[in-house]
Amino acid sequence: MELLRFFTAGNVDDGKSTLIGRLLYDSKSISTDILETLTKQSKTTGVDADIDLALLTDGLRAEREQGITIDVAYKYFTTEKRKFIIADTPGHVQYTRNMFTGASNTDLAIILVDARHGITEQTRRHSIISNIVGIPHVLVCINKMDLVNYDEAVYEKIKADYEHFAESLNLKKVSFIPTSALTGDNVVKHSENLSWYQGPSLFEFLETVEIEQDFKTQEARFQVQYVIRPQTEELHDYRGYAGSVLSGSFKKGDKIAVYPVDLTTTIEKIEKFGQEVEEAYAGEPIIIHVSDEIDISRGTTFVHNPISIADGNTIPSQPIQTEKTFEAIVCWMDNKSFQPGQKLLLQQNSFRSKAVIKEIDNKINIYNFRSEPSDGSLHLNDFCKVTIKTAETLSFDDYANNRKTGSFILINENTNNTVAAGVITS
Amino acid sequence: MDYLDQLEAEAIYILREVAGQFERPALLFSGGKDSICLVHLALKAFRPGKFPFPLVHVDTGHNFPEAIEYRDNLAKELGEKLIVRYVADTIKEKNLQDGKGKFPSRNGLQTYTLLDVINEFEFDACIGGARRDEEKARAKERIFSVRDEFGQWDPKKQRPELWNIYNGKIDQGENVRVFPISNWTELDVWNYIKRENIQLPSIYFTHERECIKTEHGQWMNVNEFVQLEPKDKIENVHVRYRTVGDMTCTAAVESEAHTVDDIIAELKDTKISERGATRMDDRVSEAAMEDRKKGGYF
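Calculation rules
- Residues numbered from 1 in each chain as written.
- Chains lettered and ligands numbered in written order.
- Predicted model: local features only at pLDDT ≥ 70, side-chain atom pairs only at ≥ 80, totals over all residues.
- Heavy atoms only, no water.
- Helix = DSSP H or I, 4+ residues; strand = E, 2+ residues; numbered from the N terminus.
- Buried < 20%, exposed > 50% of the residue type's maximum accessible area, 1.4 Å probe, protein only.
- Contact = heavy atoms within 4.5 Å.
- Areas by Shrake-Rupley, 256 points an atom, 1.4 Å probe, with all protein chains shown as cover.
- Pairing = 2+ DSSP bridges.
- Axes fitted to C-alpha atoms, helices over the stretch in contact; angles between N-to-C directions.
- Salt bridge = Lys/Arg side-chain N within 4 Å of Asp/Glu carboxyl O.
- Right-handed = clockwise from strand over helix to strand, strands pointing away.
- Core = buried A, V, L, I, M, F, W, Y, C linked by side-chain atoms within 4.5 Å.
- Domains from an automatic or database assignment.
- Buried area = accessible area lost by both parts, 1.4 Å probe.
- Polar contact = N/O pair within 3.5 Å; in protein donor to acceptor, adjacent residues only side chain to side chain.
- Expected span 1.5 Å × (residues − 1).
- Nonpolar A, V, L, I, M, F, W, Y, C, P; charged D, E, K, R; others polar.

S.K.: Looking at this structure, how should I read the overall build of chain A?
M.R.: From N to C terminus, chain A includes 8 helices and 23 strands. For chain A, buried positions account for 58% of its 426 residues. Taking as baseline every contact in chain A between residues at least 6 positions apart, the subset at least 24 positions apart corresponds to 70%. Approximately 17,700 Å² of chain A is accessible, and the part contributed by carbon and sulfur atoms is 45%.

S.K.: I'm lost on the sheet that holds strand β4 (residues 125–127) of chain B in this one. Help?
M.R.: To summarise the sheet geometry, strands pair through backbone hydrogen bonds and adopt either a parallel or an antiparallel arrangement. Residue and element names in this part refer to chain B. Pairing is mixed across the open sheet formed by 6 strands, whose spatial order is β3-β2-β1-β4-β6-β5. The strands lining the two open edges of the sheet, one partner per strand, are β3 (82–86) and β5 (144–147). Mean inter-strand twist for the sheet, computed between neighbouring axes without regard to direction, equals 30°. Taken together, the 3 bridges between strand β1 (residues 25–28) and β4 define a ladder with parallel strand orientation. Residue pairing in the sheet places Leu27 in a bridge with Ile127 of β4. The strands that helix α1 (residues 3–21) touches are β1, β4, β5 and β6 (175–178); relative to β5, the one it contacts most, it runs at about 40°. Running over the sheet, helix α4 (residues 87–94) touches β2 (55–59) and β3 and is turned about 45° from β3.

S.K.: Help me understand the pattern of salt bridges in this model?
M.R.: All names here are of chain B. Summed over all chains, the structure comprises 35 salt bridges over all chains. A salt bridge links Glu120 to Arg85, with the shortest nitrogen-to-oxygen separation between them at 2.8 Å. Taken as a pair, Glu120 in helix α5 (residues 110–121) and Arg85 in strand β3 lie far apart in primary sequence, 35 residues in all. By relative accessible area, which is 44% here, Glu120 ends up partly exposed. Among the salt bridges present, the one from Arg240 reaches Glu266, with a minimum N-O distance of 3.0 Å. One end of the pair, Arg240, is in strand β9 (residues 235–240); the other, Glu266, is in helix α7 (residues 260–269), and 26 residues separate them in sequence. Exposure remark for Arg240: the relative accessible area of 0% places this residue in the buried category.

S.K.: Mind showing me how you'd approach unusual backbone geometry here?
M.R.: In most cases, non-glycine residues show a negative phi, while peptide bonds are predominantly trans. Here the residue pair Tyr259 of chain A and Pro260 of chain A is connected by a cis peptide bond, since its omega of 10° sits within 30 degrees of zero. Geometrically, the link from Arg47 of chain B to Pro48 of chain B is a cis peptide bond, its omega value of 15° lying close to zero. Take Pro48 of chain B: it is sitting in the loop between α2 (33–46) and β2. Non-glycine residue Asn186 of chain A carries a positive phi angle of around 65°. Checked against the element boundaries, Asn186 of chain A lands in the loop between β6 (174–178) and α7 (202–208). Although it is not a glycine, Gln231 of chain A adopts a positive phi angle of roughly 50°. Mapped onto the elements, Gln231 of chain A comes out in the loop between β8 (226–228) and β9 (240–247). The exposure class assigned to Gln231 of chain A is exposed, which follows from its relative accessible area of 55%.

S.K.: Quick question: what am I supposed to make of the sheet that holds β9 of chain B here?
M.R.: Residue and element names in this part refer to chain B. Across the sheet, which stays open at both edges, the 4 strands sit in the order β8-β7-β9-β10 with antiparallel pairing between neighbours. Two strands lie at the open edges of the sheet, namely β8 (219–221) and β10 (253–254), each paired on one side alone. When β9 meets β10, the two strands line up antiparallel, connected through 2 bridges. Paired with Arg240 across the bridge in β10 is Val253.

S.K.: Got a minute to help me understand the pairing of β3 of chain B in this structure?
M.R.: Residues and elements named next belong to chain B. With 5 bridges joining them, β2 and β3 adopt parallel strand pairing. When the bridges of β3 are listed, Val56 appears paired with Ile83. Read from β2 through helix α3 (residues 65–78) to β3, the crossover connection turns out right-handed.

S.K.: Looking at this structure, how should I read the nonpolar core?
M.R.: Grouped burial of nonpolar side chains is what soluble globular proteins tend to show. Residues and elements named next belong to chain A. Core analysis: the largest hydrophobic core is formed by 137 residues, its most contacted members being Phe6, Phe100, Tyr162 and Leu206. Sequence-distant contacts of Phe6, defined by excluding residues within four places in its chain, comprise Leu23, Phe77, Phe84, Ile85, Ile86, Ala87, Thr106, Leu108, Ile110 and Leu206. Counting residues in hydrophobic clusters, the runner-up holds 22 residues, among them Phe326, Phe338, Ile357 and Cys384.

S.K.: Got a minute to help me understand the pairing of strand β7 (residues 207–213) of chain B in this structure?
M.R.: Within a regular strand, the side chains alternate between the two sheet faces. Residue and element names in this part refer to chain B. By the bridge criterion, 5 bridges tie β7 to β9 in an arrangement that is antiparallel. Looking across to β9, one finds that Glu210 is bridged to Asn236. Relative to β8, β7 runs antiparallel, the two being bridged by 3 bridges. Across the sheet, Lys213 pairs through a bridge with Trp219, a residue of β8. Connecting the antiparallel pair β7 and β8 is a turn made up of 5 residues, with Gly217 showing a positive phi of about 80°.

S.K.: Even after reading the chapter, I still don't get the domain arrangement of chain B, so can you show me in this structure?
M.R.: One widely used convention gives an interface's size as the accessible area the parts lose upon coming together. All names here are of chain B. Split by domain assignment, chain B resolves into domain 1 (3–187 + 286–294) and domain 2 (201–278). Each of domain 1 and domain 2 was reduced to a C-alpha centroid, and the two centroids are 24 Å apart. Buried surface at the junction of domain 1 and domain 2, both sides included, amounts to about 2,300 Å², of which 60% is carbon and sulfur. Of all residues in domain 1, Phe64, Lys102 and Phe103 give up the largest surface area on contact with domain 2, accounting jointly for 32% of the area buried on that side. The partner of Glu186 in a salt bridge is Arg242, and the shortest N-O contact between them spans 2.7 Å. At the junction of domain 1 with domain 2, the criterion picks out 4 residue pairs in polar contact (both at pLDDT 80 or more).

S.K.: It is not clear to me how α5 of chain B should be interpreted in this structure. Could you clarify?
M.R.: Along an α-helix, residues three or four apart share an orientation, since each turn contains 3.6 residues. Residue and element names in this part refer to chain B. Under the 1.5 Å per step criterion, the end-to-end length of α5 is 17 Å for 12 residues, consistent within 8% with the ideal 16 Å. Contacts from the buried residues of α5 go to β1, β2, β3, α4, β4 and β6. After α5 finishes, the residue Glu122 shows a positive phi value of roughly 50°.

S.K.: Where do I start with the environment of Asn183 of chain B in this structure?
M.R.: As for its position among the elements, Asn183 of chain B is in the loop between β6 and α6 (186–196). Given the relative accessible area of 4%, Asn183 of chain B is considered buried. Once the C-alpha coordinates of Asn183 of chain B and Ala139 of chain B are considered, the two residues, 44 residues apart in sequence, prove to be 9.1 Å apart. In terms of polar contacts, Asn183 of chain B uses its side chain to reach the side chain of Tyr76 of chain A, at 2.5 Å.

S.K.: What is the right way to read the interface of chain B and chain A from this model?
M.R.: Contacts between the two partners involve 60 residues from chain B, matched on the other side by 70 residues from chain A. There are 3 salt bridges connecting chain B and chain A. Lys83 of chain A is paired through a salt bridge with Asp188 of chain B; the nearest N and O atoms lie 2.3 Å apart. For the pair chain B and chain A, the number of links is 23 residue pairs in polar contact (both at pLDDT 80 or more). When residues of the side of chain B that touches chain A are traced back to their parent elements, those giving at least two are α1, α2 and α9 (288–294) of chain B. Of the residues belonging to the side of chain B that touches chain A, the class tally is 24 nonpolar, 13 polar and 23 charged.

Pasting the structure below:
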């Protein structure tokens, strides 16, 4: 069975939480005791519908009081075909960072559009954020069709508008579905009200949409998380590098380059759960042994040696980059704005180094994706193109080529808070 | 990759991040299925090395004997360090009021012992088996959840958690609660137990037990802590436990499930959530869990 992670973005009133509630409710993923509590609550909040499905996802007291989603909530449901992890993200502009967070490790974005209002500033903002996070597939859910008399022309107009807008972005794949979350039209079951629509229901779409498996075909990348050294009598010389294959695959006998020390060695052995394996693929947690004694610690990156590829492999088309200065788009996530010269730590997977933002090159307008001159400031929810300098050499790929090695967070050394997230664009 | 492989890989990645980022981590072990899975995942993450953390159990004194026996055997079999601290000792030391009423719960009291053991060993990270599908406040919690000196969770000040990058930087005195199986559901846990052939305490499977029915229709085990009333009717019922909590606040469910397969079939049919079926402590109010976590609870 496959796993699909998706996130939902929409305006406060687009009915996003209701849609998720509907997915869970109609797929019978809500238990009766939870439903009981909800019915009780719905009565006290005075919402018209039988059950206020939004109450399912708004898990914090403050959210229930204000009737809005503030933080990312994770919800789960399983069908015969797939397990789904939903990151339900807030739509409001002041929670842009939470949306970016929820979107970061998903395969699909569901963007809700209110059929009465069409494409709005919010739709554009959500799409542009999805674009920056590099979501492989965007589904535009044209919702509240019940309030426009299920009119096909309304749907077609919004679809055309969106397609026109999306031309300026690099979204890899875009799909459209008309729904009414409140009444359940076309969420799980096909709806007679939308008989002109021939495509899949939202549920069918989720069960069948192709999950991109980029990591399998990409260049091989591995990063050390932890060095295993039992130091017992029988395992006296054992030294294994524990980590997950970030992308591509590694074989026993592969010649590898090790960064940042910039040395080469050979993979002597790959272990997975106590068994020796010949080859390990993207996503697998393994232990690698190498044939030379070189300085390898947490955060060290392994790649195929571009000079001497085992078994006559071709030279990698995208060699890893190793630099101390690079360009990136960052989303500022801290309430306190960026201070020039602020001491930061950059973390990329398990690699950490002191870092500074050397220059703020451009500000990105998140409503039209255009670059604007920067005034040198970085405030909460700003997206800017910046130049970053690290103390240690960073081994990375462009985010567009590799989401694992092209992403990082910035940590304020003083407060320990995660103050920004970035994607490398060098 | 199969979804169970993906969930397993994510959990192992998180466990290794804990080992790499912290100086004095601990794995909070309750003897329940979720923490048993964590131990199994830790074996996969760190063998042939030793665990880079001890197993820590906060013993309320109301635990099921089967869970305690399982705990002791497991630690011995694995050769890993087990630290046990007792709520009864905390009650004595701090002169606290023990749980009262018909089902005298020590659920609130265990937070004191937990915070004490964290201070005693200066643990900077505590790994736990909580899952986001259990409860809606948990659905909002990070995988690396930073707690202040008082162990408090502040849902409004959570750090953004992006991709698979976990920020475990903290100041002296703070600690991080880490939840590697956040993204697993109850059914995922059982499917994993089946696939990996993980052995569990016997109370997870059907057995005959003396129970009384509560006003909410739940089956409660008759034991030395429960204050029986004249109206209570003791019945012999075929039950099993869906969660292994305290004998005083965990209800049994009627079941004929002898095997893990039986349990999976039963869960696919059930309409009641895990906590709804078994916990008496969440029913108090809508925000009961959120409030307990703000107070330092797991």
